[in-house]
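Coordinate inspection notes
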Amino acid sequence: MDIYDVKIKELPKFTDSRGNLSFVEQLNHIPFEIKRTYWIYDVPGGEARGGHAFRQNEEFIVALSGAFEVVVDDGTQKRSFQLNRSYYGLYVPAGLWREMKNFSTNSFALEFGSIHYDVNDYIRDYDEFIKLKRHGEI
Ligand code: TYD
């Protein structure tokens, strides 16, 4: 996987004078079966999250409110995505280093994952990530 496998997807949006509605479906807008949903909120100014890679877990990230930046890194190149609309999602395949930063006040990141939580799925050491990537092990 490399940074060009990361994709922004526009989600359905039903605009209505009563308020707008968007939705996601697994194996449709989200290209995997959803095994887990988690969310990040109340992020203090200047904090960053998620400096790690996953061996198996694929993710789909939506800025349900506010804005933040997702930086992905395949060990060779980096790419940054600004998420600031609740009707866009970012698909992040496994095997990439990713970080979330520059959270606006009251931002709310909703994330869908393709596997159940598994502490052993995380690679938290950047040098180890680079080594695994170079050896084609992730
Ligand atoms: P972590 O994934 O490290 O957060 P981030 O990548 O945003 O910095 O998760 C923080 C803590 O939450 C960690 O101790 C494990 C726990 N956690 C779960 O128990 N289940 C989950 O599904 C997630 C995403 C995290």
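Here the structure is shown first, and the text comes after it.
Residues numbered from 1 in each chain as written. Predicted model: local features only at pLDDT ≥ 70, side-chain atom pairs only at ≥ 80, totals over all residues. Heavy atoms only, no water.

**Regarding the pattern of salt bridges**
Two side chains that carry opposite charge are able to pair once their charged atoms sit near each other. Counting across every chain of the model gives four salt bridges. The residue E128 makes a salt bridge to R55 at a minimum N-O spacing of 3.6 Å. A residue pair is termed long-range when its members are at least 10 positions apart, and E128 in helix α1 (residues 126-134) and R55 in the loop between β5 (49-54) and β6 (59-65) qualify at 73 residues. According to the relative accessible area criterion, R55 is partly exposed, its value standing at 34%. (Salt bridge = Lys/Arg side-chain N within 4 Å of Asp/Glu carboxyl O. Helix = DSSP H or I, 4+ residues; strand = E, 2+ residues; numbered from the N terminus. Buried < 20%, exposed > 50% of the residue type's maximum accessible area, 1.4 Å probe, protein only.)

**Concerning the site of the ligand**
Inspection of the region around the ligand gives R36, Y38, I40, R49, G50, H52, Y117, Y122 and R124 as its neighbouring residues. Side-chain polar atom of R49 to an oxygen atom of the ligand: 3.0 Å apart, as the coordinates give it. Within the contact set of the ligand, an oxygen atom lies 2.7 Å away from a side-chain nitrogen or oxygen of R124. Against a free-state accessible area of 520 Å², the protein chains account for coverage of 60% of the ligand. Among the secondary structure elements, those contributing two or more residues to the shell around the ligand are β4 (36-40) and β5. (Near = heavy atom within 4 Å. Polar contact = N/O pair within 3.5 Å; in protein donor to acceptor, adjacent residues only side chain to side chain. Areas by Shrake-Rupley, 256 points an atom, 1.4 Å probe, with all protein chains shown as cover.)

**Quick notes on the packing of aromatic side chains**
Applying the stated criterion across every chain yields a total of nine aromatic pairs. Ring centres 6.2 Å apart and planes at 40 degrees place the aromatic pair F32 and Y91 in the tilted group. Note that F32 is positioned in the loop between β3 (21-22) and β4 and Y91 in strand β9 (residues 88-92), a separation of 59 residues in sequence. Ring geometry for W97 versus F129: centroids 5.6 Å apart, planes at 50 degrees, classification tilted. One end of the pair, W97, is in strand β10 (residues 97-101); the other, F129, is in helix α1, with 32 residues separating them in the sequence. Note on W97: relative accessible area 11%, which makes it buried. Taken together, the ring pairs connect F54, Y117 and Y122 into an aromatic cluster. (Phe/Tyr/Trp six-rings, centres within 6.5 Å; stacked < 30°, edge-to-face > 60°.)

**Let's talk about a nonpolar patch on the surface**
Side chains of F14, L21 and F23 sit close together on the surface and give an oily, nonpolar patch of about 290 Å² of accessible area. As for its placement among the helices and strands, L21 is situated in strand β3. (Patch = residues over 30% accessible without salt bridge, like charges linked within 9 Å, V, L, I, M, F, W, Y side chains within 5 Å.)

**Points about the sheet that holds strand β11 (residues 108-113)**
Pairing is antiparallel in the open sheet, where five strands are placed in the order β1-β9-β6-β11-β4. Edge positions in the sheet fall to β1 (7-10) and β4, since each of these pairs with one other strand and no more. Ignoring which end each strand starts from, the neighbouring axes of this sheet average 25 degrees apart. Summarising the sheet, β6 and β11 pair through six bridges and their orientation is antiparallel. If you follow E59 over to β11, its bridge partner there is G113. (Pairing = 2+ DSSP bridges. Axes fitted to C-alpha atoms, helices over the stretch in contact; angles between N-to-C directions.)

**Observations regarding the nonpolar core**
Within soluble globular proteins, side chains that are nonpolar generally end up buried alongside one another. Membership of the largest hydrophobic core comes to 17 residues, with the highest contact counts inside it found for F68, V70 and M100. When contributions to this core are tallied by element, the ones reaching two or more residues are β6, β7 (68-73), β8 (78-83) and β9. Those residues in contact with M100 that lie beyond four places of it in its chain are I40, A48, R49, I61, F68, E69, V70, A109 and E111. Within the second largest apolar cluster, eight residues are counted, among which are L11, F60, V62 and F112. (Core = buried A, V, L, I, M, F, W, Y, C linked by side-chain atoms within 4.5 Å. Contact = heavy atoms within 4.5 Å.)

Note that every value here comes from positions in space, so none of it alone points to a role or purpose.
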